Amino acid sequence: MSELTPLSEVGEFGLIRRIKEKVVLQHPSTIKGIGDDAAVLEPEEKQLVVTSDMLLEGIHFDLTFCPLKHLGYKAVAVNVSDIAAMNAKPTQITVNIAVGARYTVEAIDELYEGIRLACENYKVDLVGGDTTSSRTGLVISITAIGEVAKGEAAMRSGAKVNDLICLTGDIGSAYMGLQVLEREKQAFMADPEMQPQLDKYEYIVGRQLKPEARMDVIYELKEFGIKPTAMIDVSDGLASELMHICSQSGVGATIYRENLPADNQMLEAAMEFNLDPVMCMLNGGEDYELLFTIPLEDYEKIKNLPDVSLIGKITEASEGVNLANKHGQAFPLKAQGWTHF
Ligand SMILES: Nc1ncnc2c1ncn2[C@@H]1O[C@H](COP(=O)(O)OP(=O)(O)OP(=O)(O)O)[C@@H](O)[C@H]1O
Ligand SMILES: Cc1ncc(C[n+]2csc(CCOP(=O)(O)O)c2C)c(N)n1
Ligand SMILES: [Mg+2]
């Protein structure tokens, strides 16, 4: 095994130099990246979107089952997902990390390998950040900057009565992936000889550890001439996000249980864990799919997009936010997804 290098050997500035050396800038709007008191950007004639999301050890990730490279990738993906949810294109990120003194240079290299891979995939420049020590656990906080043509940003507040409610991908899988990982961790702690049984659950475990921001859908919507009237990404759970759109748009909604996009592995795992799959889909969270509304007239345009499901319709506010079953019975939806407090 190769030698591991304690962080104290390279120091804070040595670490930053190491990070800088591997950065490749690709955006013409990045004038100055890592290395000065602040980055210098020169955006085009567009509107800027700015968002931050942090990931904390013990709250957002568990290093016993989350490899650092995946964590780096996920930290970027969840931020890019917020940029996507504004109908914008990501351009730059800054990365703040707080790291325990016992970490090695090689461990931070792994984390940044994931960050670098995500930057390459989403075509964003890493232009700066901050590095501190931590006495409590690893913290990663990322700020992402993006661009959108004037008037094209999709707010949570734009949904109109009779709009169609669309959802990308499938939901509930990241949550079920986490249940599987936690079960295998418990089994391993009880008996370290135990090898984790993850083969059957590769997809849902991947959804937890390696989520993708749906930039692909943002480009597709543009290509098909569809501008969502409202949009949000699903981080805390579908029900919670739908409530945000409805309250900020002053509308109600009905979504149809039969139309909720489920993956088979998720359904099998839910059965195994004795969980109601519909609850997992509504409240699981961390799907990082896009929930958006479009005018009814755009139905013909959207119906051919392979990874978009029509899950419901926007109604008058007085009708509330409901989940309907195949018999047409509707029940008020409760947001029981993730909240921090
Ligand atoms: N501590 C804070 N100070 C100032 N504004 C904040 C703070 N936390 C959140 N916000 C703002 O509140 C709004 C909603 O943020 P929230 O974090 O709930 O949404 P999100 O980032 O889409 O969801 P998630 O964090 O679950 O991915 C955003 O405009 C965000 O910038
Ligand atoms: C170890 C561990 N414990 C719990 C969870 C679940 N979890 C954490 S944050 C979050 C919602 C989004 O967070 P935010 O609103 O901060 O963006 C969810 C569903 C996890 N992934 N790992
Ligand atoms: Mg947030």
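Notes on the structure in this doc start here. (Residues numbered from 1 in each chain as written. Chains lettered and ligands numbered in written order. Predicted model: local features only at pLDDT ≥ 70, side-chain atom pairs only at ≥ 80, totals over all residues. Heavy atoms only, no water.)

1. Examining the pattern of salt bridges
Here is step 1 of the chain: As enumerated under the stated definition, the model contains 16 salt bridges in all.
Here is step 2 of the chain: The salt bridge partner of Arg 116 is Glu 113, with a shortest N-O separation of 2.6 Å. Taken together, the positions of Arg 116 and Glu 113, both in helix H3 (residues 105–122) and three residues apart, correspond to about one turn of that helix.
Here is step 3 of the chain: Overall, Arg 116 belongs to the partly exposed group, its relative accessible area being 29%.
Here is step 4 of the chain: Between Glu 272 and Arg 183 there is a salt bridge, with its nearest N and O atoms 2.7 Å apart. Placement of Glu 272 in helix H8 (residues 264–272) and of Arg 183 in helix H4 (residues 173–190) is noted, with a sequence separation of 89 residues between them.
Here is step 5 of the chain: By relative accessible area, Glu 272 is classed as partly exposed at 39%.
Here is step 6 of the chain: Owing to a relative accessible area of 29%, Arg 183 belongs among the partly exposed residues under this scheme.
Here is step 7 of the chain: The network of salt bridges with shared partners includes Asp 170, Arg 207, Arg 214, Asp 216, Glu 289 and Asp 307. (Salt bridge = Lys/Arg side-chain N within 4 Å of Asp/Glu carboxyl O. Helix = DSSP H or I, 4+ residues; strand = E, 2+ residues; numbered from the N terminus. Buried < 20%, exposed > 50% of the residue type's maximum accessible area, 1.4 Å probe, protein only.)

2. A word on the pairing of strand S11 (residues 308–315)
Here is step 1 of the chain: The element S11 is extensively covered by neighbouring structure, given that six of its eight residues are classed as buried.
Here is step 2 of the chain: As judged from the five bridges shared by strand S7 (residues 164–168) and S11, these two strands associate in the antiparallel manner. Paired with Leu 164 across the bridge in S11 is Lys 313.
Here is step 3 of the chain: Pairing of strand S9 (residues 252–256) with S11, which is carried by four bridges, proceeds in the antiparallel orientation. Across the sheet, the residue bridging to Ile 255 is Gly 312, located in S11. (Pairing = 2+ DSSP bridges.)

3. Concerning the sheet that holds S9
Here is step 1 of the chain: Strand order in this open sheet of seven strands is S8-S10-S7-S11-S9-S12-S13, and the pairing throughout is mixed. In this open sheet, the two edge strands, each paired with only one partner strand, are strand S8 (230–233) and strand S13 (330–332). Strand after strand, the sheet turns through a mean of 25 degrees between neighbouring axes, direction not considered.
Here is step 2 of the chain: For S9 and strand S12 (residues 321–324), the ladder comprises four bridges, and the chain directions are parallel. In the sheet register, Ala 253 faces S12, and the bridge partner there is Val 321. (Axes fitted to C-alpha atoms, helices over the stretch in contact; angles between N-to-C directions.)

4. Let's talk about the site of ligand 1
Here is step 1 of the chain: In the vicinity of ligand 1, the contacting residues are Asp 53, Asp 82, Arg 156, Ser 235 and Asp 236.
Here is step 2 of the chain: Within the contact set of ligand 1, an oxygen atom lies 3.2 Å away from a side-chain nitrogen or oxygen of Asp 82.
Here is step 3 of the chain: Between ligand 1 and Ser 235 there is a distance of 2.8 Å, counted from an oxygen atom to a side-chain nitrogen or oxygen.
Here is step 4 of the chain: Starting from 620 Å² of accessible surface for ligand 1 in isolation, the protein chains cover 31%.
Here is step 5 of the chain: For the shell around ligand 1, a count of residues per class yields no nonpolar, one polar and four charged. (Near = heavy atom within 4 Å. Polar contact = N/O pair within 3.5 Å; in protein donor to acceptor, adjacent residues only side chain to side chain. Areas by Shrake-Rupley, 256 points an atom, 1.4 Å probe, with all protein chains shown as cover. Nonpolar A, V, L, I, M, F, W, Y, C, P; charged D, E, K, R; others polar.)

5. Points about the site of ligand 2
Here is step 1 of the chain: In the neighbourhood of ligand 2, 13 residues make up the surrounding shell, with His 60, Gln 208, Asp 236, Glu 286 and His 340 lying closest.
Here is step 2 of the chain: Within the side chain of His 340, an N or O atom sits 2.6 Å from an oxygen atom of ligand 2.
Here is step 3 of the chain: Considered on its own, ligand 2 offers 530 Å² of accessible surface; in the complex 87% of this is hidden by protein.
Here is step 4 of the chain: Mapping ligand 2 onto the cavity grids shows that it belongs to the largest pocket.
Here is step 5 of the chain: Along the lines of polarity and charge, the residues of the shell around ligand 2 split into four nonpolar, five polar and four charged.
Here is step 6 of the chain: Residues from two domains meet in the shell around ligand 2; each of domain 1 (7–148) and domain 2 (164–332) gives at least three. (1 Å grid on protein atoms, 1.4 Å probe; cavity = no way out; pocket = protein on both sides within 12 Å on 5 of 7 lines; lining within 4 Å. Sits in = over half its atoms within 2 Å of the grid points. Domains from an automatic or database assignment.)

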